[in-house]
Amino acid sequence: MSKEKQPESRHAATDPEKCRNMEKKYGWKLLRIEPTGDKTLKVDCIFEGETKFPTHEQEK
């Protein structure tokens with residue numbers, strides 16, 4: 001019996017706190033935070049499922 005991997009989404013951020021802010025603001029479930037090795041976008045925020053940022057019109 002194989003376990004299917006759940007879909008995940010990845011969004012880069014400048015620091016781990018930004019990941020927690022995204023989780024709170026958009027209601028996404030943060031699974032983990034991984035370092036990227038990049039000097040500016042230092043971490044990848046890994047969220048459960050397919051996540052997309054709302055468009056400008058959707059945020060009104």
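Reading the values: rules and limits
- Residues numbered from 1 in each chain as written.
- Predicted model: local features only at pLDDT ≥ 70, side-chain atom pairs only at ≥ 80, totals over all residues.
- Heavy atoms only, no water.
- Buried < 20%, exposed > 50% of the residue type's maximum accessible area, 1.4 Å probe, protein only.
- Helix = DSSP H or I, 4+ residues; strand = E, 2+ residues; numbered from the N terminus.
- Pairing = 2+ DSSP bridges.
- Core = buried A, V, L, I, M, F, W, Y, C linked by side-chain atoms within 4.5 Å.
- Contact = heavy atoms within 4.5 Å.
- Salt bridge = Lys/Arg side-chain N within 4 Å of Asp/Glu carboxyl O.

Moving on, we come to the pairing of strand β3 (residues 43-48). In terms of residue burial, β3 counts as a mostly covered element, since five of its six residues are buried. Looking at chain direction, strand β2 (residues 30-35) and β3 are connected through five bridges and run antiparallel. Counted as the bridge partner of P35 is V43 from β3.

In this structure, A13, C19, M22, W28, L30, V43, C45 and F47 together form the largest nonpolar core, which totals eight residues. Among the secondary structure elements, those contributing two or more residues to this core are α1 (16-26) and β3. The element contributing the most residues to this core is β3, with three residues. Aside from chain neighbours lying at most four places away, what touches C19 is A13, L30, I33, V43, C45 and F47.

With that settled, the discussion passes to the pattern of salt bridges. As enumerated under the stated definition, the model contains six salt bridges in all. The closest approach of N and O atoms between E34 and R10, which form a salt bridge, is 2.9 Å. Of this pair, E34 sits in strand β2 while R10 is found in strand β1 (residues 8-13), placing the two residues 24 residues apart along the sequence. Ionic pairing is found between R32 and E34, a salt bridge with its closest N-O pair at 2.8 Å.

Everything listed is a geometric property; what it means functionally is a separate question.
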